[in-house]
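One-letter residues, chain by chain:
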Amino acid sequence: MLITLDINRARHSLDLDPRVTLLDALRHHLGLTGTKKGCDHGQCGACTVLVNGRRINACLALAVMHDGDQIITVEGLEETGASALQKAFIAHDGFQCGYCTPGQLCSALGMLEEVRQGWPSHVSPSLEPHPVLTRAEIAERMSGNLCRCACYPGINAAISEFGGAAEGTTSEDAA
Amino acid sequence: MKPFDYYRAADLTEAAATHQPGSVFIAGGTNLVDLMKLQVMTPDRVIDIARLGLDRIEDDGDGLRIGALVSNSDLAADPRVRKRWPVLSRALLAGASGQLRNKATTGGNLLQRTRCPYFQDLATPCNKRTPGSGCAAMGGELRNHAVLGTSAHCLALNPGDMAVALRALDAVVEFRDAQGIAHAHPIAGFHLPPGTTPDVETVLPPGALITSVALPAPKGDRQIYRKVRDRASYAFALVSVAAVLRLERGRIVHAALAFGGLGTVPWRDPAVDALLTGEAPSMVLFDKAADLLLHPAQPREGTAFKLPLTRRLLRAVLEEATQ
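Looking at the overall build of chain A
Tallying secondary structure elements over chain A gives five helices and five strands in all. Traced from its N-terminal end to its C-terminal end, chain A shows the element sequence β-β-α-β-β-β-α-α-α-α. Relative to the globule expectation of 16 Å for 175 residues, the C-alpha radius of gyration of chain A, 16 Å, shows essentially globular dimensions. In terms of principal-axis extent, the alpha carbons of chain A reach across some 50 × 35 × 30 Å. Counting the 175 residues in chain A, one finds 58% classified as buried. In chain A, 58% of the contacts between residues at least 6 apart in sequence involve partners at least 24 apart. Within the structure as shown, chain A displays about 7200 Å² of accessible surface, and the carbon and sulfur contribution to it stands at 52%. Taking the 13 positively charged and 20 negatively charged side chains of chain A as two groups, their mean positions are separated by 3 Å.

Here it is as structure tokens:
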């Protein structure tokens, strides 16, 4: 089936079997191997990309269902101005092996946009006011991204610094 | 994945006309694509309904009408839901991950399949996956299995959080059948216990498509969703409680308690609600409610822990809700 994907602001036409996931379309059909395949079952978050601005698991998405959608992968982060987040991951030791990092980065960007829109989380004390980006909020909101090197403190610190700066909010420990 | 034909439906009529035996509808796909990879589900035809436009939450008198394609994220974040139906927001936020909630839909979430490991393992018998093949969970390793509503053929747990809140809120599931006729079915009785046909999980006839969920005005202002799980986030419920209560002059005048992690369907026992209604809250009363709720439970090795856990959780939730 012929589809068009807008990936990192470039249009790509692809002729795909409907079984091809968005993840496999990126990696195998377009050579964009920055997005990683961890569990391939929606449990680890390594495949997280932004689709029309929202983070999703690319492994559970059929590519043909995203015909015409705007997709941002780790390869496109620099031009979205997210290189500061990548630098924060380096500064805070937000990885060891680095395999989960592309998914962590995309997920963090999607998550911070959700906070900007005022979405509550499971750990938000109240559903009413605008959520404050605490360490506990980051941990809860990033729980769909596993890191088997267990770099969670560094990941949290990196997102806290980047998100805190972008948000103008504090990143005090609430946990 | 087994090969399938893919169709993208432009409207409800086309979706219905394209459906035939062996077809499935796909929206968020977070559960279905996974099961297709595992070949637990092997549809001949996959009909994409994601662009049908059923993605709005509309005011409906004093209630809401939630489009079937509203994402779990959008529903949880809706200001109306957060204000008047907070138990629904809380239930949604307690489920899955941020990525999954962005993709998962209201209609699809109601139809999510059990996470019984034997259902997902093609090497073992499962009456739900292959009717008549047997149940590997009987005598197998149990933990995330049901203790209420089970049968001799199936112990599979309904894994939902959202559905538990909808059960306590008396939601109504609205769907079109294959002939295009609109139906509305209370969430009570929408999910079917396994009985002798564990493969039949809801009242939806073949080819039917959920179009919306109607949410009536809340009958209680004290709403709590509390979920106990094996880890703090991103895990299915061991036990969860959705409580919707109203108190007048120190007495409970409305009680709706629904439970996740316990039943083969989102569990609610009208007798428990009736026991609480009209009474003044007390620990003795809450214990009686737990006795009544758990009386028909059939725990096994591996799931027996759920009974004392449910009792403690119920007491804590009722204590908080009646303060």
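Concerning the sheet that holds strand β1 (residues 2-7) of chain A
All names here are of chain A. Pairing is mixed in the open sheet, where five strands are placed in the order β2-β1-β5-β3-β4. Edge positions in the sheet fall to β2 (10-15) and β4 (54-57), since each has one partner strand and no second. In this sheet, neighbouring strand axes are inclined to one another by 40° on average, regardless of whether the strands run parallel or antiparallel. Of the pairings in the sheet, the one linking strand β3 (residues 48-51) to strand β5 (residues 70-72) comprises two bridges and is antiparallel in character. The residue of β5 that forms the bridge with Val51 is Ile71. In this fold helix α1 (residues 22-29) packs onto β1, β2, β3, β4 and β5, with an angle of close to 105° to the strand it touches most, β3. Along the sheet, helix α3 (residues 101-116) makes contact with β3, β4 and β5, crossing β3 at roughly 40°.

Side note on the pattern of salt bridges
Inspection of the entire model under this criterion finds 28 salt bridges over all chains. Across the pair Arg116(A) and Glu113(A) runs a salt bridge whose closest N-O atoms are separated by 3.0 Å. Within this pair, Arg116(A) and its partner Glu113(A) are both found in helix α3, separated by three residues, close to a single helical turn. Of the charged contacts, one joins Glu320(B) and Arg226(B) as a salt bridge, the two residues approaching to 2.1 Å between their closest N and O atoms. Here the residue Glu320(B) occupies a position in helix α12 (residues 306-321), and Arg226(B) occupies one in strand β9 (residues 222-229), the gap between them amounting to 94 residues. A relative accessible area of 39% places Glu320(B) in the partly exposed class.

Concerning helix α11 (residues 283-294) of chain B
Residues and elements named next belong to chain B. Across its twelve residues, α11 extends 16 Å between first and last C-alpha, which sits within 8% of the 16 Å expected from 1.5 Å per residue. Where α11 is concerned, the buried positions are Leu285, Phe286, Ala289, Ala290, Leu293 and Leu294. Angularly, the buried residues of α11 cover 160° about the axis, an arc narrow enough to put them on a single face. Buried positions along α11 lie against β11 (251-260), α10 (270-276) and α12.

Description of the pairing of β4(A)
Every regular strand shows the same layout, with side chains that alternate between the two sheet faces. Residue and element names in this part refer to chain A. Judged from the four bridges that link them, β3 and β4 form a sheet pairing that is antiparallel. From the neighbouring strand, Val51 faces β4, where its bridge partner is Arg54. The antiparallel hairpin formed by β3 and β4 contains two residues in its connecting segment, where Asn52 sits at a positive phi of about 50°.

Some points on the packing of α11(B) against α12(B)
A pair of packed helices is captured by two measures, namely the crossing angle of their axes and the spacing between those axes. Residue and element names in this part refer to chain B. For the pair α11 and α12, interaxial distance at closest approach is 9 Å and the crossing angle is 140°. On the basis of their axis angle, the class for α11 and α12 is oblique. Considering how the two elements wind past one another, α11 and α12 form a crossing that is right-handed. Residue-level contacts link Met283, Phe286, Asp287, Ala289, Ala290, Asp291, Leu293 and Leu294 of α11 to Leu307, Thr310, Arg311, Leu314, Arg315, Leu318 and Glu319 of α12. Taken together, the residues that form the contact of α11 with α12 break down as nine nonpolar, one polar and five charged.

Cut-off values and rules
- Residues numbered from 1 in each chain as written.
- Chains lettered and ligands numbered in written order.
- Predicted model: local features only at pLDDT ≥ 70, side-chain atom pairs only at ≥ 80, totals over all residues.
- Heavy atoms only, no water.
- Helix = DSSP H or I, 4+ residues; strand = E, 2+ residues; numbered from the N terminus.
- Rg over C-alpha atoms; globule rule 2.2 N^0.38 Å.
- Buried < 20%, exposed > 50% of the residue type's maximum accessible area, 1.4 Å probe, protein only.
- Contact = heavy atoms within 4.5 Å.
- Areas by Shrake-Rupley, 256 points an atom, 1.4 Å probe, with all protein chains shown as cover.
- Lys, Arg positive; Asp, Glu negative; His and termini not counted.
- Charge placed at Lys NZ, Arg CZ, Asp CG, Glu CD.
- Pairing = 2+ DSSP bridges.
- Axes fitted to C-alpha atoms, helices over the stretch in contact; angles between N-to-C directions.
- Salt bridge = Lys/Arg side-chain N within 4 Å of Asp/Glu carboxyl O.
- Expected span 1.5 Å × (residues − 1).
- Arc of directions from axis to C-beta.
- Parallel < 35°, antiparallel > 145°, perpendicular 65-115°, else oblique.
- Left-handed = near helix turned anticlockwise from the far one by under 90°.
- Nonpolar A, V, L, I, M, F, W, Y, C, P; charged D, E, K, R; others polar.

That is the geometry; function is a separate question.
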